[in-house]
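Structural features, examined
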Amino acid sequence: MKNKKIIILVLLFISFCFLLFCLFNFYKLYDSKIKVYEKQKSTYENLKKENNKLKMEIANETKKGEKIEDSYKSLNEKKESLEKVINEKEAEKERKAKEQNQDYTKKVTGKVIYLTFDDGPSNYTEDILNTLDKYDVKATFFVTCSGSLDKYAKKIIEKGHTLGLHTCTHRYNTIYSSEENYFNDLNSISNKVEELTGYKSKYIRFPGGSSNTISRFNKGIMTRLTQKVTEDGYKYYDWNIDSGDAAGADKDGVYNNVISALKNHNYSTNMVLMHDIKVSTKDALDGIIKDALDMGYTFSNINDYTSEVHHSVNN
Ligand SMILES: [Zn+2]
């Protein structure tokens, strides 16, 4: 009986120990689970914070994007309206040019010759226009208030040439005596051309060229005039090839001066000074055009794309 009691006590003790062991392990497991849970919870909180931060950033970026899109839209609208204005102006310009049978929008590339005829029109202008027609070549006439202006101003434009202004009187002593006198004279020829043709020319050539020294009786006048005409929207053209007709070259002399200059230089813009009041120019023109075409040159009238050929101003 006593043994049985001892056995029961031992069994109870063992059971108690086992229970303690189990409780201890359970507590250990529970504790580690709690720790893992807390760690996960804090990771979750951090992720949540990150997520909110990202959401805010996205919202900010979206706002910025919307702003950029808005300003892009308004810029695009501005661009479109500007393009519309430009297109309208271009169309207007083309329409006017077509009306006057002049293609100022023409861009000529390669080696180009711009024949320019000063001091006319005259009785030789008719033959010169016919020679130009024969080769379908366009040129530029810097006209004065000559007796033949009424007869040829419109004809020059109708044939597709450019009508430039050279001054009305061409009298050095008057036009270079003051800026006022120069512009009065220039306005006279400009108004006359406009009356006769409806066309207001913005292309000019100074009598004697911008490099002339004949105006030195009025110190600095060419410096002031070249600046003022540009400010007023004119384009002035000097020359880089002189036919020599004004200095008295005969037909062969004019031909040789032009052709040998073309052979010696390699300009892309060849601005040739001639005068349609000179019989030598009238007679040499056919040969010059024929041979220059054979040499691969193109002819053009002065237009908005023509580079301005300027001399150095000497006064
Ligand atoms: Zn002249």
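Residues numbered from 1 in each chain as written. Predicted model: local features only at pLDDT ≥ 70, side-chain atom pairs only at ≥ 80, totals over all residues. Heavy atoms only, no water.

A closer look at the pairing of strand S2 (residues 140-143)
The line we're drawing: Each residue's exposure class comes from its accessible area (1.4 Å probe, protein chains only) as a fraction of the maximum for that residue type: buried when under 20%, exposed when over 50%, partly exposed otherwise. Counting from the N terminus, the helices are the DSSP runs of H or I reaching at least four residues and the strands are the DSSP runs of E reaching at least two. Here, strands pair whenever DSSP counts at least two bridges between them. When the strands point away from the viewer, a crossover counts as right-handed if the route from the first strand across the helix to the second turns clockwise.
By the alternation rule, side chains of S2 split into Thr-140 and Phe-142 and Phe-141 and Val-143, which are all buried. For strand S1 (residues 112-118) and S2, the ladder comprises 3 bridges, and the chain directions are parallel. Residue Thr-116 lies in a different strand from S2, and its bridge partner there is Thr-140. This β-α-β element, S1 to helix H2 (residues 125-134) to S2, shows right-handed connectivity. The sheet contact formed by S2 and strand S3 (residues 162-165) spans 4 bridges and is parallel. Paired with Phe-141 across the bridge in S3 is Leu-163. On the question of chirality, the crossover connecting S2 to the parallel S3 by way of helix H3 (residues 149-158) is right-handed.

Description of the domain arrangement of the chain
Our working definition: For each domain, the first and last residues come from an automatic or database assignment.
Domains assigned within the chain are domain 1 (1-99) and domain 2 (106-299). Placing the centre of domain 1 and that of domain 2 at their C-alpha centroids yields a distance of 79 Å.

A few points about the coordination of the zinc ion
Test applied: Sites may look incomplete, because water is not among the atoms used; the donor set itself consists of N, O and S atoms within 2.8 Å of the metal (3.2 Å for Na, K and Ca).
Within the protein, the zinc ion binds to Asp-119 (OD), His-166 (NE2) and His-170 (NE2); these donor distances fall in the range 2.1 to 2.2 Å. All donor residues of the zinc ion come from one chain, and their arrangement in sequence is D-x46-H-x3-H. With Asp-119 in the loop between S1 and H2 and His-170 in the loop between S3 and helix H4 (172-175), the pair connects residues that are 51 residues apart, well separated along the chain. Summarising the burial analysis for this pair, Asp-119 and His-170 share the class buried.

Some details on the packing of helix H7 (residues 251-264) against helix H8 (residues 279-294)
As a reminder, the rule being used: Each axis is a line fitted through C-alpha atoms, taken for helices only over the stretch in contact, and angles between the N-to-C directions span 0 to 180 degrees. By convention the crossing between two helices is left-handed if the near helix lies anticlockwise of the far one by an angle smaller than a right angle, and right-handed if it lies clockwise. In what follows, a contact means two residues having at least one pair of non-hydrogen atoms within 4.5 Å.
Where H7 meets H8, the axes come as close as 8 Å, and the angle between the chain directions of the two elements is 35°. Between H7 and H8 the crossing geometry is right-handed. From H7, Lys-251, Val-254, Tyr-255, Val-258, Ile-259 and Leu-262 reach across to H8, where they touch Ser-280, Thr-281, Asp-283, Ala-284, Gly-287, Ile-288, Asp-291 and Ala-292.

Quick notes on the packing of aromatic side chains
So the rule is basically this: Each Phe, Tyr or Trp ring (for Trp, its six-membered ring) is paired with any other whose centre lies within 6.5 Å, and the angle between the two planes then decides the class: stacked below 30 degrees, edge-to-face above 60, tilted in between. Note on geometry: a ring has a charge over it if NZ (lysine) or CZ (arginine) is within 6 Å of the ring centre and within 35 degrees of the ring normal.
Under the criterion given, the structure shown has 7 aromatic pairs. Relative to Phe-206, the ring of Tyr-182 has its centre 5.5 Å away and its plane inclined at 40°; by these criteria the two rings are tilted. One end of the pair, Tyr-182, is in helix H5 (residues 179-197); the other, Phe-206, is in the loop between strand S4 (203-204) and helix H6 (221-231), with 24 residues separating them in the sequence. Side by side, Tyr-182 and Phe-206 carry an identical accessibility label, which is buried. An aromatic cluster of at least three residues, connected via ring pairs, comprises Tyr-172, Tyr-176, Tyr-182, Phe-183, Phe-206 and Tyr-236. Over the face of the ring belonging to Tyr-297 we find Lys-111, whose NZ or CZ atom lies 4.5 Å from the ring centre. Here the guanidinium or amino end of Lys-228 rests over the ring plane of Phe-183, the centre of that ring lying 5.3 Å away.

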